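In case you want the letters, here they are:
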Number of protein chains: 2
Amino acid sequence: MKTGPRRSVNPEAMLDAALDLLDTGGLTMRALASRLGLTPGALYTYFPDRAAIVSALADRLLGQADLTLLQNGPGTPDERIIAFSLNLREVLMRHPAAMPAILGAAFTGPVALRVGESLYEALPDPRAAYTVMVYVLGAIALEAAEAGSTPEPEAERIAARRAAFTVDPEAFPHTHAAADTIAAYISTEQFRWGLERVLSAL
Amino acid sequence: MKTGPRRSVNPEAMLDAALDLLDTGGLTMRALASRLGLTPGALYTYFPDRAAIVSALADRLLGQADLTLLQNGPGTPDERIIAFSLNLREVLMRHPAAMPAILGAAFTGPVALRVGESLYEALPDPRAAYTVMVYVLGAIALEAAEAGSTPEPEAERIAARRAAFTVDPEAFPHTHAAADTIAAYISTEQFRWGLERVLSAL
DNA sequence: ACCTGAACACCGTTCAAGT
DNA sequence: ACCTGAACACCGTTCAAGT
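Residues numbered from 1 in each chain as written. Chains lettered and ligands numbered in written order. Predicted model: local features only at pLDDT ≥ 70, side-chain atom pairs only at ≥ 80, totals over all residues. Heavy atoms only, no water.

### Details of the protein's contact with DNA strand C
Around DNA strand C, the structure places 18 residues, and the nearest of them are M29(A), R30(A), Y44(A), T39(B) and Y46(B). A breakdown of the atoms of DNA strand C within 4 Å of the protein gives sugar and phosphate a share of 59%. Y46(B) is positioned with one of its side-chain polar atoms (N or O) 2.5 Å from a phosphate oxygen of DNA strand C. Of the residues contributing to the surface near DNA strand C, the split by class is seven nonpolar, six polar and five charged. (Near = heavy atom within 4 Å. Polar contact = N/O pair within 3.5 Å; in protein donor to acceptor, adjacent residues only side chain to side chain. Nonpolar A, V, L, I, M, F, W, Y, C, P; charged D, E, K, R; others polar.)

### Structural notes on the relation of the copies chain A and chain B
These two copies of the chain differ by a rotation about an axis and a displacement along the same axis. When chain A is brought onto chain B, the operation consists of a screw motion whose angular component is 180° and whose axial shift is 0.0 Å, with 0.0 Å RMSD remaining. Such a combination of rotation and displacement between the chain copies is what one expects of a two-fold axis. For chain A, the minimum C-alpha distance to the rotation axis belongs to G138(A) and amounts to 1.9 Å. When the interface residues of chain A are mapped onto chain B, 100% of them again lie at the interface, so the same face is used by both copies. (Least-squares fit on C-alpha atoms with pLDDT ≥ 70 in both. Contact = heavy atoms within 4.5 Å.)

### Comments concerning the environment of A145(A)
Within the secondary structure, A145(A) is located in helix α8 (residues 126-146). Assessed through its relative accessible area of 34%, A145(A) is described here as partly exposed. Between the C-alpha atoms of A145(A) and P96(A), which are 49 residues apart in sequence, the distance is 7.1 Å. When residues no more than four places from it in sequence are discounted, the contact partners of A145(A) are L103(B) and G104(B). (Helix = DSSP H or I, 4+ residues; strand = E, 2+ residues; numbered from the N terminus. Buried < 20%, exposed > 50% of the residue type's maximum accessible area, 1.4 Å probe, protein only.)

### With respect to the interface of chain A and chain B
The parts lose accessible area when they come together, and the size of an interface is often stated as this lost area. Contacts between the two partners involve 42 residues from chain A, matched on the other side by 42 residues from chain B. Between chain A and chain B, the buried area comes to about 3,900 Å², and carbon and sulfur atoms account for 72% of it. Of all residues in chain A, the largest losses of buried area upon contact with chain B belong to Y130(A), L142(A) and Y185(A), amounting jointly to 18% of the total for that side. The interface formed by chain A and chain B contains zero salt bridges. Within the residue set of the side of chain A that touches chain B, elements represented by two or more residues are α6 (99-104), α7 (110-122), α8, α10 (173-177), α11 (179-183) and α12 (188-200) of chain A. The element contributing the most residues to the side of chain A that touches chain B is α8(A), with 14 residues. Looking at side-chain class alone, the side of chain A that touches chain B contains 26 nonpolar, ten polar and six charged residues. (Buried area = accessible area lost by both parts, 1.4 Å probe. Salt bridge = Lys/Arg side-chain N within 4 Å of Asp/Glu carboxyl O.)

### A few points about the domain arrangement of chain A
All names here are of chain A. What the domain assignment reports for chain A is domain 1 (1-48) and domain 2 (65-201). Distance from the C-alpha centre of domain 1 to the C-alpha centre of domain 2: 31 Å. Of the residues lining the interface, five residues belong to domain 1; the matching set on domain 2 comes to six residues. Counting the surface lost from both domain 1 and domain 2, the interface buries some 370 Å², and carbon and sulfur atoms represent 57% of this. Taken as a group, L19, L22 and D23 account for 95% of the area that domain 1 buries against domain 2, more than any other trio of residues on that side. For the pair domain 1 and domain 2, the number of links is one residue pair in polar contact (both at pLDDT 80 or more). (Domains from an automatic or database assignment.)

### Details of the pattern of salt bridges
Close approach of charged atoms allows side chains of opposite charge to pair. One pass over the full model with this rule turns up 20 salt bridges over all chains. A salt bridge links E154(A) to R89(A), with the nearest nitrogen and oxygen atoms 3.2 Å apart. Of the two residues, E154(A) sits in helix α9 (residues 154-164) while R89(A) sits in helix α5 (residues 77-92), which places them 65 residues apart along the sequence. A relative accessible area of 25% places E154(A) in the partly exposed class. The closest approach of N and O atoms between D20(B) and R35(B), which form a salt bridge, is 3.1 Å. Separated by 15 residues along the polypeptide, D20(B) in helix α1 (residues 11-23) and R35(B) in helix α2 (residues 29-35) bring together distant segments of the chain. Using a relative accessible area of 34% as the deciding quantity, one classes R35(B) as partly exposed.

### Thoughts on the protein's contact with DNA strand D
Close to DNA strand D lie 17 residues; T39(A), Y46(A), M29(B), R30(B) and Y44(B) are nearest. Those atoms of DNA strand D that come within 4 Å of the protein belong to sugar or phosphate at a rate of 59%. Within the side chain of Y46(A), one N or O atom sits 2.5 Å away from a phosphate oxygen of DNA strand D. At a separation of 3.0 Å, a phosphate oxygen of DNA strand D approaches a polar backbone atom of R50(B).

### Observations regarding the UniProt feature "DNA-binding region" (unreviewed entry) in chain A
The sites that UniProt annotates as "DNA-binding region" (unreviewed entry) are residues 28-47 of chain A. Span residues 28-47 of chain A is 35% helix and 0% strand, its end C-alpha atoms 14 Å apart. (UniProt positions renumbered as here; feature names shortened; annotations may be inferred.)

### Brief notes about helix α9 (residues 154-164) of chain B
Because an α-helix completes one turn every 3.6 residues, residues spaced three or four positions apart along the sequence face the same direction. Residue and element names in this part refer to chain B. For α9, the set of buried residues is R157, I158 and R161. The arc that holds the buried residues of α9, viewed along the axis, is 100°, so those residues lie on one side. Away from the buried face of α9 by more than 90 degrees, exposed residues A155 and A163 are located. Against the buried residues of α9 lie α8 (126-146) and α11 (179-183). (Arc of directions from axis to C-beta.)

### Some words on the side chain of R80(A)
Residue and element names in this part refer to chain A. Note that R80 resides in helix α5. For the buried residue R80, which engages in no salt bridge, the nearest side chain bearing the opposite charge is E121, 6.8 Å off. In this structure, R80 is in contact with L69, L70, Q71, N72, G73, P74 and G75, ignoring residues within four places of it in sequence. (Lys, Arg positive; Asp, Glu negative; His and termini not counted.)

### Concerning the nonpolar core
L32(A), M99(A), L32(B) and M99(B) are the most contacted members of the largest nonpolar core, which totals 141 residues. Among residues more than four places away in sequence, those in contact with L32(B) are M14(B), A17(B), A18(B), L21(B), L27(B), L43(B) and I53(B). (Core = buried A, V, L, I, M, F, W, Y, C linked by side-chain atoms within 4.5 Å.)

### Looking at the packing of α1(B) against helix α3 (residues 50-62) of chain B
Residue and element names in this part refer to chain B. Axis separation between α1 and α3 bottoms out at 10 Å; the angle between their running directions is 90°. It follows that α1 is roughly perpendicular to α3 by the angle criterion. In contact with E12, M14, L15, D16, A18, L19 and L22 of α1, α3 contributes I53, A56, L57, R60 and L61. (Axes fitted to C-alpha atoms, helices over the stretch in contact; angles between N-to-C directions. Parallel < 35°, antiparallel > 145°, perpendicular 65-115°, else oblique.)

See below:
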């Protein structure tokens, strides 16, 4: 029983299909093969194993962020770092399930190298640059970890967090008092606020 | 064929065995059952599914950090946050494979709530507190993502990173020039440096 | 309540054989 | 080089049945 279309099986098309399956939480070699009209074993002609597919996917996703925002954009280096980081967050949050792979392949991939070099141009102290990477990737990883594979709008995710968040006011007074702010931890506003603070210290 | 010891099957003992298996990269329901002298199906008496075991493990691991460093330690609030963060990093880096679960269950678990409340006591602005969480957990997640499940000493990991790191000096001049510092991104020194900078801005 | 035995519905990967 | 068919060695989870 062949279920998928047969045309144009190449690494690019494979990654398109793989990303689609990853987003729906069902990236298996068997499902991917079926999408491409292939048998599972045929995939090993293109990639050595499943992990290689996920790594390639991670680097490709990184490449979807608009690097010109960091390189040629208007404004100060800090402003360009903020603009690129906001764009990167937007791109990566469209595929939360890929975030673990992004953390894993963070610096090895070819695209990651180009992003890194551009960041060092904007922020020459490499220790400072890494601090920014940690903040940006850390914030996105925390958001992605609780987002479903289907990314709801930010406002709805915050409302859901607020509704689900209840703590004993006696035992956790500070936490209880901060509930609204805590629900908004995943907001663009919080992301930008923290990033600006971090950059101001570097 | 029974392979494991039979005595004392309770949730605590299960989590001990589960952590051990997670560290060696082989946490499966079948392996866990065998360790406990049980059949796979018997595990579902204690936990509803595999994910519940991993979540419980994550919260338990968080509890191994010494919260008194944050609550009652000497020094300024910032110094206590640094001391606790260094301790947390040490604890979590003993079990890198658990880091994804830590990110996922970051705020829901009972231990996580206590840690959060203590952090808010030291750093009352919740937006500032979250920025610290993002930095600390982000840095540990990036380190854990590339560490093997068996945690080598830090010095060896840095040396291995330095040896493996080669880039085209023409195409990536800044990256090439920063190679030594980049190799040391996973160092305690870099972790502390970044954290101090972040705290100084909050 | 706790556990077994057995099954169900899957996985990733390999490999001889074909084209 | 690319692909099939078939197998190997696994998975998590369910469930009737026993104690």
